Amino acid sequence: MPTARRADANVFTIAASLPFAQTLARGMRERFGSDPLELSRATIYVPTRRATRTLSDAFAALAGGAALLPEIRPLGDVDEEEFLLDADSEMLDLPPAITPVRRRLLLAKLVREFHERALEEKLTAAQAAGFAKSLASLFDEVQTHGVKLGDLVEPERGEYAEHWQKVKLFLSLLDTAWPALLESEKRQDPALRRNLALEALAKRLQAGKSGKPVIAAGSTGSIPATADLLGVIARLPNGAVVLPGLDRTLDEDSWNKIEEGHPQYGLRQLLLRVGVAREDVRDWTDDACPLPARETLLRETLRPAPTTDAWRAIADQGGGEIAKGLEGLSTVVAAGPREEAEAIALVLRGVLETPKQTAALVTPDRNLARRVAAELQRWDITIDDSAGRPLAHTPPGAFLCLLAEAADAAFAPVPLLALLKHPLCAFGQEPSAFRAMARALDRDVLRGPRPDPGLDALAKLIARKNKEAIAQWLAPLAKMLAPFAALWNAHDVPLRGLVDAHIALAEKLAAADAQDGATRLWSGPAGDAAARLVAELRDASDGITLEPGSYPVLFRGFAMEAAVRPPFGRHPRLAILGAQEARMQSFDLVVLGGLNEGTWPRAAANDPWLSRPMRRSLGLEQPERAIGLAAHDFATLAAGPCVILTRAQKNEGAPTVASRWWQRLSQLTNGLDLQKNLAAGEDYAALARLRDTAPAATPVKRPAPMPPVALRPRKLSFTEVERWLRDPYAIYARHVLRLRPLDPLDGTFGPRERGTAMHKALEKFLLQFPGALPADAGDALVSIGEQVFADMGLPKSVLAVWQPRFDSAAHWFVDYDRARRADILSSHGEIDAEHAFDVNGKPFTLRGRADRIDVLTNGTGTIIDYKTGQPPSKKQVEILASPQLPLEAALLALNGFKPLTGITPGQLLYVHFSGRADGGSAKPLDLDAAAMAEEARKWLLQWVEWFDDPSTPYLSRYWPERLTDVGDYDHLARVREWSVSGEEGEE
């Protein structure tokens, strides 16, 4: 390597439009010639582990086969997930770094103690862990920049005094407690350890006399210790620093006005720290810049705001260079994230049509990355997001999370079924057989109102429903779950005990008849990641106690942060990368996706610990520094030969704001036909819409099924006849198609259950007191109601609302009924009726049950219907829109109620059992009951005869009581499609 230096330093750069890794490798070959042994003596420091693989591949491609490569070692940049310095010799004398999980737990413990002692506030362990995460980031930043929290000066009153007081209290705790805690752990903060290792490496290189070449390439020196190391390497006799995309053309005025959000800010700060002038930086190779116009376009697009008046000169000159820079640059504006993902998938799919062509989607939006990967599956193209999947989104991680959350919810129906239906859950049985029983538990037991929490309440519910097979299946499972559930009864539990119980139970649940649970749970890349997380959490749990309710939140939080990456099977020509992972890589086509504010770049984070003045007083960089790093990535990636920029106009229904870089590009090219110059060869957004666009469809008509007469129902109840009148399609679906709606899972105890309980209580009351009512009859009815509620297994929360209302209604009803009993000869509650009518020589049976029929002393019968909701109006009964009571009267006149014969219908009565302040109300209908009975009989026969005509259809929503009503079969009848506006209830 030449030893001639300018400014006593060897600092080089590779233009942004050149492929960095390939150019670096070619420059190394030019300097060392073809001697493979000489090249192998060199050491190259690169920013990331992925960069080491990329550079190794570049050397291998350049050599055309097997070759002795230089030693390539990662340093780690400030925004890496973990700090990397793979330099064991520099770390031998340093204590090991504390693990992230252990540090988070210990910091959370300090946060809880501080809040409880100093602020007199109590935080849960989960809340404290959230604070601890941001606190760990603050520690990393403070130690990275070599500042001390104690250097934070007392502010002037009014500047940030209130926030300061709280921060000062906590920092005083950290200054004493945290270092002592680390010393007792015999561990070191990762950032401090990395700084010490980098300093040790710099000293070793500076003192070394081996003369071996040392090159640092691709780093921007974001970490001060890294910048110092780069300065040492630059001044070594055989050292060199190769910067990525240094802009040496930007005018001096703009260079001096660069702020944190500019892509060149980090490189400018690095040169200042190293003591090298920009003009002293040389090209790494003699390769000419392949896309000077594109670099000019990006330079002007990202020009510092104070100097954007230079755009006027560009406009006056016609913008020729800018227009040329737009060649090969395209945009895709999608309506939403789904359309954006489909358009990107089409772009990547198109690349595969050209042999050997490569492409990559680069985006910080992991949701967009996962969408694109899913879209590519349409063509059986498997491509993995390089950031991996969160462990919580994989089968083992989801299973472990579900188990903890089910225990926290006392095995309530929804979390319990989510656990039992998981593919890994088998409990020693054949998995499909186990899931079949779980579905039976769902369908036959848990549908309907939610039972009381706990496994005992679930067992009682199964017993009430007489599901013996399910009870036998669940009993051993519940016995195994019980000890884990019992841990939630304690106030504080050792974390290690929770982890051990959690994992032991998970392995037992995951066992199948052919495999043990450990094999099924911990296999594959996701199982390995889960095992590592569990081991790290267990090792980090010494001395940590927490309330059990925080454990599921804590565990899911760690599982969301643990990434699962496939070890093999990456696509050879396509990639999905984050901006950091794409550094030093090059592709024939690059898609930069998710270019919206808040996504790329991300919004400047608000520091919960230090305000901007505090950061300034400590010498810390402002949050906009992260935007500058993102801008450098964008500028480098957008300098490629073929680049497509994409964004979505809306996200989750809300309009988005285009990325500041997108907006600047639009402003710079305002004098040009931007859409023409930035139009892709194909309109991928339109293609994405076209792929999902169906021909104009004729709206479906209201369904009018006409089944054969032989299949039409010949036996209906009173309530079904009313449903037949209002919604014939519901009768067709229930009796012809034999479809039964499932009750909702984890439903609430609503009007139907309240009505059932009230009817049962009044039936028992009438049986217990058939004659005159005693003085304490009201209290007796209240006691009966309590027993009915207990038999139904009502939760305490429901009883707290229902019981007072029932008590009020019960006393009102007893007073009202006592006054009537003098005229009552006998009362009959919940009495069944059935009568077969002859309709054109074929029987039609009307059946049902009356809530109550009172036979009066005058020989007539009063037909009573109990209502917990609003009773029908007189008009509705009169026109037979609510025909139940007239039909009951018709069967009473026809001796359909077998115990009652020769009774003439005398009165139709609704009793409203409301439970409000007045308790209830009686609503006798001023109608001729006998005449209404005859009219109802004639109407029913006509209605049956009409439906005996094969051409009579079962129409949906023929005569709905209210347009807003929703029927059990409306979705099957596709009501929303054939109604006038498509809105529910409008026809």
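Cut-offs applied
- Residues numbered from 1 in each chain as written.
- Predicted model: local features only at pLDDT ≥ 70, side-chain atom pairs only at ≥ 80, totals over all residues.
- Heavy atoms only, no water.
- Helix = DSSP H or I, 4+ residues; strand = E, 2+ residues; numbered from the N terminus.
- Buried < 20%, exposed > 50% of the residue type's maximum accessible area, 1.4 Å probe, protein only.
- Contact = heavy atoms within 4.5 Å.
- Areas by Shrake-Rupley, 256 points an atom, 1.4 Å probe, with all protein chains shown as cover.
- Lys, Arg positive; Asp, Glu negative; His and termini not counted.
- Charge placed at Lys NZ, Arg CZ, Asp CG, Glu CD.
- Axes fitted to C-alpha atoms, helices over the stretch in contact; angles between N-to-C directions.
- Parallel < 35°, antiparallel > 145°, perpendicular 65-115°, else oblique.
- Left-handed = near helix turned anticlockwise from the far one by under 90°.
- Nonpolar A, V, L, I, M, F, W, Y, C, P; charged D, E, K, R; others polar.
- pLDDT = per-residue confidence, 0-100.
- Pairing = 2+ DSSP bridges.
- Core = buried A, V, L, I, M, F, W, Y, C linked by side-chain atoms within 4.5 Å.
- Phe/Tyr/Trp six-rings, centres within 6.5 Å; stacked < 30°, edge-to-face > 60°.
- Lys NZ or Arg CZ within 6 Å of the ring centre and 35° of its normal.

**Notes on the overall build of the protein**
In step 1: A tally of helices and strands in the protein yields 40 helices and 23 strands.
In step 2: Taking the principal axes of the C-alpha coordinates as reference, the protein spans close to 125 × 65 × 65 Å.
In step 3: Buried residues in the protein amount to 51% of all 987 residues.
In step 4: A separation threshold of at least 6 residues defines the contact pool for the protein, and within that pool the share at least 24 residues apart is 77%.
In step 5: Total accessible area on the protein stands at roughly 45,100 Å², and carbon and sulfur atoms take up 52% of it.
In step 6: Each charge class in the protein can be summarised by its mean position, and for the 118 positive and 130 negative side chains these summaries are 2 Å apart.

**Some remarks on the packing of helix α31 (residues 718-726) against helix α38 (residues 929-947)**
Each pair of packed helices can be described by the angle between their axes along with the distance between the axes.
In step 1: Relative orientation of the contacting elements α31 and α38 amounts to 60°, with a least axis distance of 12 Å. Taken together, the axes of α31 and α38 lie oblique to each other. Between α31 and α38 lies a crossing of left-handed hand. In contact with Val-721, Trp-724 and Leu-725 of α31, α38 contributes Trp-939, Leu-940, Trp-943, Val-944 and Phe-947.
In step 2: In terms of residue class, the contact of α31 with α38 is built from eight nonpolar, no polar and no charged.

**Re the environment of Thr-249**
In step 1: Among the secondary structure elements, Thr-249 is positioned in the loop between β5 (239-244) and α10 (252-256).
In step 2: Taking the C-alpha atoms as reference points, Thr-249 and Arg-278, separated by 29 residues in sequence, lie 9.8 Å from one another.
In step 3: Setting aside residues no more than four positions away along its own chain, Thr-249 makes contact with Arg-278 and Arg-299.

**A word on the confidence of the model for the protein**
In step 1: Here the protein averages 87 in pLDDT, and 92% of its residues register 70 or above.
In step 2: In the predicted structure, residues 1-6 sits below a pLDDT of 50 and forms 17 contacts with residues beyond four places in sequence or in another chain.
In step 3: Note on residues 981-987: pLDDT is under 50 here. Beyond four places in sequence and across chains, it has 16 contacts.

**Comments concerning the pairing of strand β2 (residues 43-46)**
Looking down a regular strand, the side chains alternate between one sheet face and the other.
In step 1: Side chains of β2 alternate between two faces, with Thr-43 and Tyr-45 and Ile-44 and Val-46 buried alike.
In step 2: Across four bridges, β2 lies against strand β3 (residues 71-74) in parallel orientation. The partner of Thr-43 across the bridge, within β3, is Glu-71.
In step 3: Where β2 and strand β4 (residues 214-217) come together, three bridges link them in parallel fashion. By the bridge assignment, Ile-44 is partnered in β4 with Ile-215.

**As for the nonpolar core**
In step 1: Within the largest apolar cluster, 95 residues are counted, with the highest numbers of intra-cluster contacts made by Leu-441, Leu-477, Leu-509 and Tyr-551.
In step 2: Leu-477 has contacts with Leu-420, Phe-427, Phe-434 and Leu-509, leaving out every residue within four places of it along the chain.
In step 3: Membership of the second largest hydrophobic core comes to 50 residues, among which are Ala-733, Phe-844, Ala-890 and Tyr-954.

**Some words on the packing of aromatic side chains**
In step 1: Taken as a whole, this structure holds 30 aromatic pairs when the rule is applied.
In step 2: Taking the centre distance of 6.4 Å and the plane angle of 85° together, the rings of Trp-600 and Trp-661 count as edge-to-face. With Trp-600 in the loop between β14 (589-592) and α26 (612-618) and Trp-661 in helix α28 (residues 660-668), the pair connects residues that are 61 residues apart, well separated along the chain.
In step 3: Trp-661 sits in the buried class, given a relative accessible area of 3%.
In step 4: Ring geometry for Phe-765 and Phe-813: centres 6.4 Å apart, planes at 70°, overall edge-to-face. Of the two residues, Phe-765 is situated in helix α33 (residues 751-768) and Phe-813 in helix α35 (residues 796-820); the sequence distance between them amounts to 48 residues. Of the two residues, Phe-765 and Phe-813, both sit in the buried class.
In step 5: Three or more aromatic residues joined by ring pairs make a cluster, and in this case those are Phe-749, Phe-765, Phe-769, Phe-789, Trp-802, Phe-806, Trp-812, Phe-813, Tyr-816, Tyr-866 and Phe-913.
In step 6: It is Arg-31 that lies over the ring of Trp-284; its NZ or CZ is 3.7 Å from the centre.
In step 7: Over the aromatic face of Trp-959 sits the side chain of Arg-726, whose NZ or CZ is 5.8 Å from the ring centroid.

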